[in-house]
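Examining the three-dimensional arrangement
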Amino acid sequence: MKGIVFTEFLDLVELKFGLEMVDKIIQQSTLESNGIYTAVGTYRFHEMLQLVTNLSKNTGIAIDDLLLVYGEHFFNVIETSYPGLLASYKDPIEMLSSIESHIHVEVRKIYPDAELPTFKVEEKTDNSLIMIYKSSRSMYYFGLGLMNKTFAHFNSTATIDIEKINEDGTEVRFIIHKN
């Protein structure tokens, strides 16, 4: 997992819960990196899982809710760091339907060894989109946060339903209806 995912997560934890919480969840975790991350480094997903789990235990906030807020936060990072990528789209449905064919292609140019989830478009209209998310990491709530902010970026709203295909969340269907 790319280091930017870790550095931004710890920045969010500091922003929302304070530096003491960052130190606490790092200390409670068994991290090969010792909690020292660079944006361009690559780290094991197990470390992120430990950090999120320990944050959940310390705050009483469910892991899915933490991942949702983190996804929304991470969209702001994309918006600031890669405005040209977002500017090439005029509509949230258009943008979301091109995750696999364009956005992930661009991400791989910057981070060639990034391990990204896959998104397969099942059905698309002007106002709706059905996609299948697949990832061994089951971070679909992070994806939901990114989707929420995509609609906000385009001054739009949507109803997004999640249907688990695999109970462990490694494969889910996003059913999106633009309001």
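Residues numbered from 1 in each chain as written. Predicted model: local features only at pLDDT ≥ 70, side-chain atom pairs only at ≥ 80, totals over all residues. Heavy atoms only, no water.

Digging into the overall build of the protein chain
What counts here: The helix and strand labels rest on DSSP assignments: H or I over at least four residues marks a helix, E over at least two residues marks a strand, and numbering proceeds from the N terminus. To get the radius of gyration, use the C-alpha atoms; to get the globule rule, take the number of residues to the power 0.38 and multiply by 2.2 Å. Here the term buried applies to any residue with accessible area under 20% of the maximum for its type, exposed to any over 50%, and partly exposed to those in between, with areas from a 1.4 Å probe on protein chains only. In what follows, a contact means two residues having at least one pair of non-hydrogen atoms within 4.5 Å. Computed with a 1.4 Å probe, the accessible areas rest on the Shrake-Rupley method; for each residue, only the protein chains presented here act as cover.
Counting its regular elements, the protein chain contains 8 helices and 4 strands. Listing each helix as α and each strand as β along the protein chain from the N terminus yields α-α-α-α-α-α-α-β-β-α-β-β. In terms of overall size, the protein chain behaves like a compact globule, its C-alpha atoms giving a radius of gyration of 16 Å where 179 residues would be expected to give roughly 16 Å. Each principal axis of the C-alpha atoms in the protein chain carries an extent, and together these give about 50 × 35 × 25 Å. Within the protein chain, the fraction of its 179 residues that count as buried is 50%. Summarising the internal contacts of the protein chain: among those between residues at least 6 apart in sequence, 60% fall at separations of at least 24. For the protein chain, the exposed surface amounts to about 9200 Å²; the carbon and sulfur share of it is 52%.

Let's talk about the packing of aromatic side chains
Going by this rule: Working definition: a ring pair exists when centres of Phe, Tyr or Trp rings (six-membered ring for Trp) sit within 6.5 Å. Plane angles under 30 degrees give stacked, over 60 give edge-to-face, the rest tilted.
This structure, assessed with the given rule, holds 11 aromatic pairs. Aromatic pair Phe6 and Tyr37: ring centres 4.5 Å apart, planes at 20 degrees, arrangement stacked. Of this pair, Phe6 sits in helix 1 (residues 3–17) while Tyr37 sits in the loop between helix 2 (19–28) and helix 3 (45–59), and the two are 31 residues apart along the sequence. Considered together, Phe6 and Tyr37 belong to a single accessibility category, that of buried residues. Plain terms: the ring middles of Tyr133 and Phe174 are 6.3 Å apart, the flat faces sit at 85 degrees to each other, and that makes the pair edge-to-face.

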